[in-house]
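Understanding the architecture of this molecule
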Amino acid sequence: MEKDFNYYKVPPSFQVCFNDHCPHATDCLRRQITAYIPSHLTFGPAVYPTALGADGSCRFFRKDEKTRLAWGFNKLLYNVRERDAAGIRRSLVSYLGSRTAYYRYQHGEKLLTPEQQEWILNFFRQRGCTDLEFEGYVTEYQF
């Protein structure tokens with residue numbers, strides 16, 4: 001992890017791991033992040049050591065690497081006919097879970113994962129759009 005990592009970007013519900021004996025400890029975001037927990041925090045969600053399977057696998061493993069995350073849909077919506085825009089917007093709201101979530105992704109308060117980006121881009125491709133780009137991109141750890 002970076003030396004200038006900001007722990008306050010970590011969502012409060014993100015589970016951390018203190019299992020030093022895990023074979024994935026040096027590559028796992030959940031384990032590496034524990035070095036950045038501020039001293040005033042004394043409890044929070046955690047992955048128990050029992051999560052480590054007998055075969056050395058852990059379903060909670062999260063690779064310690066940055067990911068290209070996206071936000072905003074205006075550039076995508078410019079590609080569609082005006083009469084189709086409302087229906088497309090409704091489909092995006094449905095996919096993202098709510099209008100609140102849609103607007104948080106639209107304004108960059110929440111960031112789209114690579115999987116979400118692919119679903120949305122495929123959705124627009126199926127409607128004949130070719131200029132497929134989100135409003136903005138950032139490279140950050142995916143919590």
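The shown structure was predicted, so the numbers you read here are calculated from the model rather than taken from an experiment.

**Quick look at the layout of surface pockets**
By rolling a water-sized probe across the atoms, one finds the places where empty space is left. Considered as a void within the structure, the largest pocket measures approximately 430 Å³ in volume. Lining the largest pocket are 15 residues; nearest its centre among them are Pro11, Leu69, Lys110, Leu111 and Phe143. Those elements that provide at least two residues to the lining of the largest pocket are α4 (99–106) and β4 (136–141). Residue classes in the lining of the largest pocket are distributed as six nonpolar, four polar and five charged. In this structure, the second largest pocket encloses a volume near 300 Å³. Considering the residues around the second largest pocket, the lining is formed by 14 residues, among which Tyr7, Ile37, Leu41, Phe43 and Gly44 are closest to the centre. For the lining of the second largest pocket, a count of residues per class yields twelve nonpolar, two polar and no charged.

**Some points on the side chain of Gln116**
With respect to the helices and strands, the residue Gln116 is situated in helix α5 (residues 114–125). Only 2.8 Å separates the side chain of Gln116 from the backbone nitrogen of Thr113, close enough to count as a polar contact. Not counting chain neighbours up to four residues away, the residues in contact with Gln116 comprise Tyr95, Leu96, Tyr105 and Leu111.

**Remarks on α5**
Look at α5: 16 Å from first C-alpha to last across twelve residues, which is about the 16 Å you get at 1.5 Å a residue. All buried positions along α5 are accounted for by Gln116, Gln117, Ile120, Leu121, Phe123 and Phe124. Viewed along the axis of α5, the buried residues span an arc of 155°, placing them on a single side of the element. Along its buried surface, α5 packs onto β3 (66–71), α2 (74–77), α3 (82–96), α4 and β4.

**So, the environment of Ser13**
With respect to the helices and strands, Ser13 occurs in the segment before β1 (16–17). Under the relative-accessibility criterion, Ser13 is labelled exposed at 59%. Sequence spacing of Ser13 and Pro45 is 32 residues, and the spatial spacing of their C-alpha atoms is 6.3 Å.

**Some thoughts on the environment of Arg127**
In this structure, Arg127 sits in the loop between α5 and β4. Classification of Arg127 as partly exposed rests on a relative accessible area of 42%. Sequence-wise, Arg127 and Asp84 are 43 residues apart; in three dimensions their C-alpha atoms are separated by 9.6 Å.

**With respect to empty space enclosed by the protein**
One pass over the structure, following the stated rule, counts one cavity of 30 Å³ or more. When its volume is computed, the largest cavity comes out at roughly 110 Å³. Each residue belonging to the lining of the largest cavity can be placed in one class, and the counts come to twelve nonpolar, two polar and two charged.

**Remarks on the packing of aromatic side chains**
For the structure on display, the rule yields eight aromatic pairs. Judged by centre distance (6.1 Å) and plane angle (80°), the rings of Phe134 and Tyr137 are edge-to-face. Since its relative accessible area comes to 28%, Tyr137 is described here as partly exposed. Joined through ring pairs, the aromatic side chains of Tyr95, Trp119, Phe123 and Phe124 make up one cluster. Just above the ring of Tyr137 sits the side chain of Arg68; from NZ or CZ to the centre is 3.6 Å. Here Arg127 stacks its cationic end above the ring of Phe123, 3.6 Å away from the centre of that ring.

Reading the values: rules and limits
- Residues numbered from 1 in each chain as written.
- Predicted model: local features only at pLDDT ≥ 70, side-chain atom pairs only at ≥ 80, totals over all residues.
- Heavy atoms only, no water.
- 1 Å grid on protein atoms, 1.4 Å probe; cavity = no way out; pocket = protein on both sides within 12 Å on 5 of 7 lines; lining within 4 Å.
- Points joined across faces, edges and corners; volume = space filled by probe spheres on them.
- Helix = DSSP H or I, 4+ residues; strand = E, 2+ residues; numbered from the N terminus.
- Nonpolar A, V, L, I, M, F, W, Y, C, P; charged D, E, K, R; others polar.
- Polar contact = N/O pair within 3.5 Å; in protein donor to acceptor, adjacent residues only side chain to side chain.
- Contact = heavy atoms within 4.5 Å.
- Expected span 1.5 Å × (residues − 1).
- Buried < 20%, exposed > 50% of the residue type's maximum accessible area, 1.4 Å probe, protein only.
- Arc of directions from axis to C-beta.
- Phe/Tyr/Trp six-rings, centres within 6.5 Å; stacked < 30°, edge-to-face > 60°.
- Lys NZ or Arg CZ within 6 Å of the ring centre and 35° of its normal.

Purely geometric stuff here, so don't read any function into it on its own.
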